[in-house]
Amino acid sequence: MTEASKIESAPFFLDITTETCPMTFVRTRLLLDRMPAGATATVRLTGKEPLGNVPGSARALGHAVLSVAPETAGREAPEDVWLVTLRKAG
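Numbering of residues begins from 1 in every chain and follows the order in which that chain's sequence is written. Two thresholds apply to this predicted model, a pLDDT of at least 70 for residue-level local features and 80 or more for giving and counting side-chain atom pairs, whereas whole-chain, interface and lining totals are computed over all residues. The side-chain values count all of the structure's non-hydrogen atoms but skip hydrogen atoms and water molecules.

Quick look at the packing of helix 2 (residues 23-34) against helix 3 (residues 48-60)
The criterion, for reference: Think of each axis as a best-fit line through the C-alpha atoms, taken over the contacting stretch in the case of a helix, with angles from 0 to 180 degrees between the N-to-C directions. The secondary structure listing takes helices from DSSP runs of H or I that are at least 4 residues long and strands from runs of E that are at least 2 residues long, numbered from the N terminus. With the far helix as reference, a near helix turned anticlockwise by less than a right angle produces a left-handed crossing, and one turned clockwise produces a right-handed crossing. Residues are treated as being in contact if the distance between any of their heavy atoms lies within 4.5 Å. As a working rule, the residues Ala, Val, Leu, Ile, Met, Phe, Trp, Tyr, Cys and Pro are called nonpolar, Asp, Glu, Lys and Arg charged, and the rest polar, with Gly in that last group.
Two elements in contact, helix 2 and helix 3, have axes whose closest approach is 9 Å; the angle formed by their N-to-C orientations is 35 degrees. Considering only the axes of helix 2 and helix 3, their crossing is right-handed. In this structure, helix 2 contributes Thr24, Phe25 and Thr28 to the contact, and helix 3 contributes Pro50, Val54, Ser57 and Ala58. Residue classes in the contact of helix 2 with helix 3 are distributed as four nonpolar, three polar and no charged.

Examining the sheet that holds strand 3 (residues 64-70)
Rules: Pairing between strands is defined by DSSP: at least two bridges between the two strands are required.
Ordered by their spatial adjacency, four strands build an open sheet running 1-2-4-3, and the pairing between neighbours is mixed. Every interior strand has two partners, whereas the edge strands, strand 1 (13-15) and strand 3, have only one. Strand after strand, the sheet turns through a mean of 15 degrees between neighbouring axes, direction not considered. Here three bridges tie strand 1 to strand 2 (residues 40-46), and the two strands are oriented parallel to one another. Paired with Leu14 across the two strands is Val43, which belongs to strand 2. With respect to the sheet, helix 2 is in contact with strand 1, strand 2 and strand 4 (81-87), its orientation differing from that of strand 1 by roughly 165 degrees.

Considering helix 2
Given 3.6 residues per helical turn, the α-helix brings residues three or four places apart onto the same face. Basically, it comes down to this: One less than the residue count of a helix, multiplied by 1.5 Å, gives the span that helix is expected to have. The rule is simple: take the accessible area with a 1.4 Å probe, protein chains only, and divide by the maximum for that residue type; under 20% is buried, over 50% is exposed, in between is partly exposed. Directions drawn from the helix axis to the C-beta atoms are what define this arc.
Helix length check: helix 2 (12 residues) gives 17 Å between terminal C-alpha atoms against 16 Å at 1.5 Å per residue, within 8%. Of all the positions in helix 2, only Thr24, Phe25, Thr28, Leu31 and Leu32 are classed as buried. End-on view of helix 2: buried residues confined to an arc of 115 degrees, all on one side of the axis. In helix 2, those exposed residues whose orientation departs by more than 90 degrees from the buried face are Leu30 and Arg34. Where the residues of helix 2 are buried, they touch strand 1, strand 2, helix 3 and strand 4.

Side note on a nonpolar patch on the surface
Rules: Patch membership requires over 30% relative accessible area and the absence of a salt bridge. Like charges are linked within 9 Å, and nonpolar side chains (Val, Leu, Ile, Met, Phe, Trp, Tyr) within 5 Å. The method behind every accessible area is Shrake-Rupley, applied with a 1.4 Å probe, and residues are considered shielded solely by the protein chains displayed. Note on definitions: salt bridges are taken to be side-chain nitrogens of Lys or Arg within 4 Å of carboxyl oxygens of Asp or Glu.
Residues Met23, Val26 and Leu30 make up a contiguous nonpolar surface patch of about 260 Å² in total accessible area. Assignment of secondary structure puts Val26 in helix 2.

Details of the environment of Thr18
Position of Thr18 among the secondary structure elements: in the loop between strand 1 and helix 2. Taking the relative accessible area as the measure of exposure, Thr18 reaches 70% and is therefore exposed. Separated by 28 residues in sequence, Thr18 and Thr46 place their C-alpha atoms 8.1 Å apart.

Here it is in structure tokens:
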């Protein structure tokens, strides 16, 4: 199983690469709301606004941002695909 398919098969995974702000965090918030406390989720996103807004908004709600990393090493521009790992507060 590849690393990408492991991430996509995780219980809490959200691909918002086709979404634009503010829907990127709306969809992320809906995911967080249905998760149990302490669970982790991986959010796949792209774009400067989502890259700043999703982790920032999650932190503002008290959730932990465990990592923000490019999906592909060496592809680290905001328009590239990023993986944000969040842990639900509680």
